[in-house]
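An overview of the molecular structure
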Amino acid sequence: MELIQQYQRLGLSEALFSRGEAVLAALEDRFKAIDQVAEANQLKVLLAMQEAKLGANHFAATTGYGYDDDGRERLEEIYAKVFHAEAALVRPQITCGTHALTVALSANLLPGDELLSPVGLPYDTLQEVIGIRPSPCSLAEYGVSYRQVDLLPDGGFDYEGIRAAINERTKLITIQRSKGYATRPSFTVRQIGELIDFCKSCKPGVKVMVDNCYGEFVDVIEPTDVGADMAVGSLIKNPGGGLAPIGGYICGTKECVDRCAYRLSAPGLGQEVGANLGLLPALFQGFFLAPTVTASALKGAVFASNLFEGLGFRCVPSAGEARSDIIQAVELRSAEGMEAFCSGIQSAAPVDSFATPVPGDMPGYDSQVIMAAGTFVQGSSIELSADGPIRPPYAVYFQGGLTWQHAKSGILLAAQRLLDKGLCTL
Ligand SMILES: *Cc1c(COP(=O)(O)O)cnc(C)c1O
């Protein structure tokens, strides 16, 4: 069967398919650059596994306390090597990215300390963790105060404002690499490095945590290469490579990571406990695949911005812009547009392709959220998925794709639904 006929069976028109091919023809150099980053990161992961002498004996399951879990220790050693960090905490007991960030923050902030975000409002779920929106067990309840410096109107860092906000109580600085549900640009690792240098020049010894969600392996360096004391993320995003069924990581200085381990398990126990429950093969293999899976997702994001800008929608990042994470925001201008886009992504899924995404309430978010995800791992956003809060500018945040070919089909079908609804024209 011809390729176009297969696409037609998915519901794609020939005209849109041709438009897609035309868009792709102009992206050869971009895709080549993405593949070069993936190649460098693949070697980084491979060498880390070899240097850690990973062996088949490290895949064994442990249960109960999980004492002397050699496989778990190898996994953490490999993460630490890839992030050029002194230590790493990589656990299935870390339930999600928000949990990993919560552990990192609450382990390294004590009553009376202050947390500073020099990059504006943090990701939605962290607002309750910090206590920006009141919540039981927030850092605010434990006597940790919070200060924020917004970005300048042009998206740059407000260095004067940051200098003024750093005070004798400032203990930890949190920098979110990815835009999250905002339409600001995501920061490159180099930009983050400049900001870290500035903060540490204002207050030597201040600790810096980077929320690295969605940023892993997009560049050949990570925040821990430019002075971050901790880089934190979720294993059901980039570093899990689509295979990790759960988990989070914290890579950083031994001092910070030790405290995180004590917070996650218990003082005195730290990294010594935590059975792997048979998940290590997926965590190792997923990390091994993560550079190329991330590259597939990036190609999808670049293709989407080029296609949707051509259809008249504002995209962040824009079609020609460099990338620092795998997220592509597409401003659809209406709730109806968001629903059409998400229904297209859903219809391209290998799992639950027959479901229709509808807006609903989500724990940790203050607006209704719509999500399209037909994923093998529930909520996994390294798999092709789209989501966004139902509020102006009605942006859908599109990300993932375990394979580039799958990302492409989902993006084309999302565009098809918008065309079918008369929300754009070819
Ligand atoms: C996804 C994400 C989080 C939270 O991760 P969950 O796994 O959904 O809890 C935090 N920060 C950023 C920037 C994210 O993208």
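Overview of the structure. Each chain carries its own residue numbering, running from 1 in the direction its sequence is written. Local features in this predicted model are restricted to residues whose pLDDT is 70 or higher, and side-chain atom pairs enter the listing and the counts only when it is 80 or higher, whereas totals over whole chains, interfaces and linings include all residues. Derived side-chain values reflect all non-hydrogen atoms in the structure, with water molecules and hydrogen atoms excluded from consideration.

1. Quick look at the overall build of the protein chain
Under the DSSP-based scheme used, a helix requires at least four consecutive residues in state H or I and a strand at least two consecutive residues in state E, with every element numbered from the N terminus. The helix and strand inventory of the protein chain stands at 12 helices and 12 strands. For the protein chain, the spread of C-alpha atoms along the principal axes amounts to about 60 × 55 × 40 Å. Among the 426 residues that make up the protein chain, the fraction classed as buried is 57%. Accessible surface area values rest on a Shrake-Rupley calculation with a 1.4 Å probe, where residue burial reflects the displayed protein chains alone. Total accessible area on the protein chain is roughly 17000 Å²; 54% of this is exposed by carbon and sulfur atoms. Working convention for charge: Lys and Arg count positive, Asp and Glu count negative, and His plus the chain ends are omitted. By convention, charge coordinates are those of NZ in Lys, CZ in Arg, CG in Asp, or CD in Glu. Measuring between centres, the 34 positive side-chain charges of the protein chain sit 1 Å from its 48 negative side-chain charges. Whether a residue is buried, partly exposed or exposed follows from its accessible area with a 1.4 Å probe, protein chains only, as a fraction of its type maximum: under 20%, in between, or over 50%, in that order.

2. Details of the sheet that holds strand β4 (residues 170–176)
Reading across from one edge, β1-β7-β6-β5-β4-β2-β3 is the order of the 7 strands in this open sheet, with mixed pairing throughout. Unpaired on one side and paired on the other, β1 (87–91) and β3 (145–148) mark the two borders of the sheet. The sheet shows a mean angle of 20° between the axes of neighbouring strands, taken without regard to direction. Only strands that DSSP links by at least two bridges are regarded as paired with each other. In this structure, β4 lies alongside strand β5 (residues 207–211), joined through 5 bridges in parallel fashion. From the neighbouring strand, I173 faces β5, where its bridge partner is V208. Lines fitted to C-alpha atoms define the axes, with helix axes restricted to the stretch in contact, and inter-axis angles between N-to-C directions lie between 0 and 180 degrees.

3. What about the nonpolar core?
In this structure, L307, F308 and F341 are the most contacted members of the largest nonpolar core, which totals 59 residues. Among all residues touching F341, those that are not within four sequence positions of it are F308, V330, L332, A386, V396, F398, A414 and L418. Think of a nonpolar core as a cluster: buried Ala, Val, Leu, Ile, Met, Phe, Trp, Tyr and Cys residues, connected wherever their side-chain atoms sit within 4.5 Å. Listed in part, the 25 residues of the second largest apolar core include I94, A100, L115 and M230. Every residue pair with non-hydrogen atoms within 4.5 Å of one another is taken to be in contact.

4. Section: the layout of surface pockets
The pocket and cavity definitions rest on a 1 Å grid over protein atoms only: a 1.4 Å probe that fits but cannot leave marks a cavity, an open set with protein on both sides within 12 Å along at least five of seven lines marks a pocket, and residues lining either have an atom within 4 Å of a point. Grid points are joined across faces, edges and corners, and a volume is the space filled by probe spheres set on the points. Roughly 860 Å³ of internal volume is contained in the largest pocket. Classifying every residue of the lining of the largest pocket by side-chain character gives 20 nonpolar, 16 polar and 3 charged. Only Asp, Glu, Lys and Arg are considered charged in this grouping, and only Ala, Val, Leu, Ile, Met, Phe, Trp, Tyr, Cys and Pro are considered nonpolar; every other residue, Gly among them, is considered polar.

5. Looking at the site of the ligand
All residues in the neighbourhood of the ligand are listed as C96, G97, T98, L101, Y123, Q176, D211, C213, Y214, S234 and K237. Between an oxygen atom of the ligand and a side-chain N or O atom of T98, the distance comes to 2.5 Å. Interatomic distance of 3.0 Å between a side-chain N/O atom of K237 and an oxygen atom of the ligand. Calculation on the ligand without its partners gives an accessible area of 370 Å², and the protein chains cover 90% of this total. A majority-of-atoms criterion places the ligand in the largest pocket. Among the elements that take part in the shell around the ligand, helix α5 (residues 97–108) stands out by supplying 3 residues, more than any other. For the shell around the ligand, the per-class residue count stands at 5 nonpolar, 4 polar and 2 charged. Each residue is tested against the molecule or strand, and it is near if at least one of its non-hydrogen atoms lies within 4 Å. N or O atoms closer than or at 3.5 Å make up a polar contact, with two conditions inside protein: a donor-capable atom paired with an acceptor-capable one, and, for residues adjacent in sequence, both atoms drawn from side chains. Occupancy of a cavity or pocket is assigned to a molecule whenever over half of its atoms lie within 2 Å of that pocket's grid points.

6. A word on the sheet that holds strand β10 (residues 369–373)
One open sheet accounts for 5 strands, arranged β8-β9-β12-β11-β10; its pairing is antiparallel. Both edges of this open sheet fall to β8 (315–316) and β10, since each of them pairs with a single strand only. Relative to strand β11 (residues 385–389), β10 runs antiparallel, the two sharing 5 bridges. When the bridges of β11 are listed, A372 appears paired with A386. Across the sheet, helix α10 (residues 280–310) lies against β8, β9 (328–331) and β12 (395–399), angled at about 15° from β9, the strand it touches most. Contacts between helix α11 (residues 335–347) and the sheet are confined to β9, β10, β11 and β12, with β10 contributing the most and set at about 20° to the helix.

7. Describing the environment of D225
On the secondary structure map, D225 appears in the loop between β5 and β6 (230–234). Measuring from C-alpha to C-alpha, the distance between D225 and R190 comes to 9.4 Å, with 35 residues separating the pair along the chain. The residues contacting D225, other than those within four sequence positions of it, are F83 and H84. Side chain to side chain, D225 and H84 meet in a polar contact 2.6 Å long.

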